[in-house]
Amino acid sequence: MTAQIIDGKKIAHDLKEDLRKEISSLKAQGINPGLAVILVGDDPASQKYVASKEKTCEKLSIASFHYGLPATTTQKELGELIDRLNVDKKVSGILLQLPLPKGLNEKEAIRRISPEKDVDGLGPLSLGKLVLDEPGFISCTPHGVMKMLEACNIDPAGKHAVVVGRSVLVGKPLSLLLLRKNATVTICHSKTANLREICASADILCVAVGRAKMITADMIRKGAVVIDVGINVSPDGRITGDVDFETAKEKAAYISPVPGGVGPMTIAMLMYNTVIAAKMQSGI
Ligand code: NAP
């Protein structure tokens, strides 16, 4: 069996096309979505991600406001910028690019973002709403994964979904979203015993670890859906996922590639959340 490749680029493109139409109709009503992007320090990977998010804003006619701060920025200075953006009417959403340089407290900074502008869905209110199954901002990567499954008509109900990774950014919210869709969810992490066996029992296997090719074909059930969230940069600069794609695709029924899988979906969902924020703030 050779798996069907889940084309994240195409799914994200379609999503952005729908958003483009919605944004144009919002603009006709005087509603202008805007995203403030805060980048602290000069981490090259973060600079690349931010540039790509800002480029997508431009393509969709979402105003983007770039705040590049030096790595020496204090918690107080960062907090004061967030406070200003919280009350800035042109800003519908605030994205704080992570990780922050050493010495800055990420949780404290995220908590400072107004819940109405928490388009990354990482604040306590957004995460609390996710647990409570209430509507709210859903963090972009897990939301993107769910949209990918939906686009492929993969219904998680009754399936065994295994999520490898338990970060607040990906693993935990993704597990909750799969649970919301009635999957039976197993969450694995660095202390999990029998990782191989658990992965091999998954109908849907989602991997968000950050270890190149750690999931090999023998860890995949024949006919499984494999979603690779990992992004790893090899010494020669190539980007690879957490799954050994070449061997895994011979075993899975569906597989998302890296690059071109979850990455584009993450950016599309950030745009989606920014549009929702703009609508909410305008009372529609
Ligand atoms: P993270 O915060 O470092 O979390 C990694 C998780 O993997 C942790 O829960 C950790 O377990 C677990 N883990 C580590 N080694 C393991 C092992 N040997 N076996 C099983 N589990 C193990 O990373 P993250 O922010 O969730 O990101 C994960 C990956 O996704 C990274 O490659 C990141 O670049 C990528 N990512 C991609 C996108 C995208 O848009 N495509 C977005 C976000 C992240 P413990 O909790 O026990 O330490």
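The rules behind these values
For every chain, the first residue of the written sequence is number 1, and numbering continues from 1 along that sequence. Local features in a predicted model are, by the rule used here, given only for residues with pLDDT of at least 70; side-chain atom pairs are given and counted only at 80 or more, and totals for whole chains, interfaces and linings are based on all residues. With hydrogens and water set aside, each side-chain value is computed from the structure's full complement of heavy atoms. By definition, any uninterrupted DSSP run of H or I lasting at least four residues is a helix, any uninterrupted run of E lasting at least two residues is a strand, and each is numbered from the N terminus. All radius of gyration figures rest on C-alpha atoms, and the globule criterion is 2.2 Å times the number of residues raised to 0.38. Relative accessibility thresholds used throughout: buried, under 20% of the residue-type maximum; exposed, over 50%; partly exposed, between the two (1.4 Å probe, protein chains only). Working convention for charge: Lys and Arg count positive, Asp and Glu count negative, and His plus the chain ends are omitted. Each charge is placed at NZ for Lys, CZ for Arg, CG for Asp and CD for Glu. Two strands are said to pair when DSSP picks up at least two bridges between them. When checking whether two residues touch, look at their non-hydrogen atoms; a contact exists if any pair is within 4.5 Å. All axes here are fitted lines through C-alpha atoms, helices being fitted over the stretch that makes contact, and every angle between N-to-C directions spans 0 to 180 degrees. Here, proximity means that at least one heavy atom of the residue falls within 4 Å of the molecule or strand. Each polar contact in these results corresponds to two N or O atoms within 3.5 Å; when the atoms are within protein, one needs to be able to donate a hydrogen and the other to accept it, and residues that are neighboring in sequence are counted only if both atoms are side-chain atoms. Reported accessibility uses the Shrake-Rupley method at a 1.4 Å probe radius. Residues are deemed covered only where the shown protein chains occlude them. Think of a nonpolar core as a cluster: buried Ala, Val, Leu, Ile, Met, Phe, Trp, Tyr and Cys residues, connected wherever their side-chain atoms sit within 4.5 Å. All the domain ranges listed were derived from an automatic or database domain assignment. Working rule for angles: under 35 degrees goes down as roughly parallel, over 145 as roughly antiparallel, 65 to 115 as roughly perpendicular, anything else as oblique.

With that settled, the discussion passes to the overall build of the protein. Per the secondary structure count, the protein includes ten helices and eleven strands. The C-alpha radius of gyration of the protein comes to 19 Å, within 12% of the 19 Å expected for a compact globule of 284 residues. Dimensions of the protein, computed from the C-alpha atoms along their principal axes, are close to 50 × 40 × 40 Å. By residue count, 48% of the 284 residues in the protein fall in the buried class. Separation of charge centres in the protein, based on 36 positive and 31 negative side chains, amounts to 1 Å.

Turning next to the sheet that holds strand S1 (residues 4-5). Strands in a sheet are paired, the pairing made by backbone hydrogen bonds, and the direction either parallel or antiparallel. If you trace the six strands from one edge of the open sheet to the other, you get S1-S11-S8-S7-S5-S6, paired in parallel fashion. At either end of the open sheet lies a strand with only one pairing partner, and these are S1 and strand S6 (184-188). Direction of pairing for S1 relative to strand S11 (residues 254-255): parallel, over a ladder of two bridges. Bridge pairing in S11 links Gln4 to Tyr254. In this fold helix H7 (residues 171-180) packs onto strand S5 (160-164), S6 and strand S7 (204-207), with an angle of close to 170° to the strand it touches most, S5.

Around the ligand, the surrounding shell holds 21 residues, and the nearest of these are Arg166, Ser167, Ser190, Ile231 and Thr266. Within the side chain of Ser167, an N or O atom sits 2.5 Å from an oxygen atom of the ligand. In this structure, an oxygen atom belonging to the ligand sits 2.7 Å away from a side-chain N or O atom of Thr266. For the ligand, the protein covers 71% of the area, taking 920 Å² as the surface of the free molecule. If you tally residues by element for the shell around the ligand, the top one is helix H10 (residues 262-281), at three residues.

Moving on to the pairing of S5. Among the five residues that make up S5, five are buried, leaving the element largely enclosed by the rest of the structure. Burial along S5 is two-sided: the face carrying His160, Val162 and Val164 and the face carrying Ala161 and Val163 are both buried. Where S5 and S7 come together, four bridges link them in parallel fashion. Across the sheet, residue Val162 finds its bridge partner in S7, namely Leu205.

A few words on the sheet that holds strand S4 (residues 93-96). What the three strands build is an open sheet, ordered S3-S2-S4; its pairing is parallel. Each of the sheet's edge strands pairs with one partner strand only, and the pair in question is strand S3 (63-69) and S4. Strand-to-strand twist of the sheet, defined as the mean angle between neighbouring strand axes without regard to direction, takes the value 15°. Of the pairings in the sheet, the one linking strand S2 (residues 34-40) to S4 comprises four bridges and is parallel in character.

Attention now moves to the nonpolar core. One broad rule of soluble globular proteins: the nonpolar side chains tend to lie buried together. Formed by 50 residues in total, the largest nonpolar core has its most connected members in Leu35, Ile62, Leu178, Cys206, Ile227 and Met271. Examining the composition of this core, we find that ten residues originate from one element, H10, more than from any other. Here this core spans two domains, since at least three of its residues come from each of domain 1 (31-115) and domain 2 (140-262). Leave out the neighbours within four places in its chain, and Leu35 touches Cys57, Ile62, Ala63, Ser64, Phe65, Gly93, Ile94, Leu95, Val119, Leu270, Met271 and Thr274.

At a closest axis distance of 10 Å, the pairing of helix H1 (residues 8-28) and helix H6 (residues 140-151) adopts a crossing angle of 95°. Of the possible angle classes, the one that applies to H1 and H6 is roughly perpendicular. Between H1 and H6, the contacting residues are Gly8, Ile11 and Leu15 on the first element and Lys147, Met148 and Ala151 on the second.

Before going further, it helps to spend a moment on the side chain of Ser175. The residue Ser175 is located in helix H7 in this model. A residue is classified by how much of its surface remains accessible, and Ser175, at 5% relative accessible area, is buried. Each residue touching Ser175, except ones within four places of it in the same chain, is listed here: Val163, Val185 and Ile187.

Per the domain assignment, the segments of the protein are domain 1 (31-115) and domain 2 (140-262). Between domain 1 and domain 2, the C-alpha centre-to-centre distance is 28 Å.

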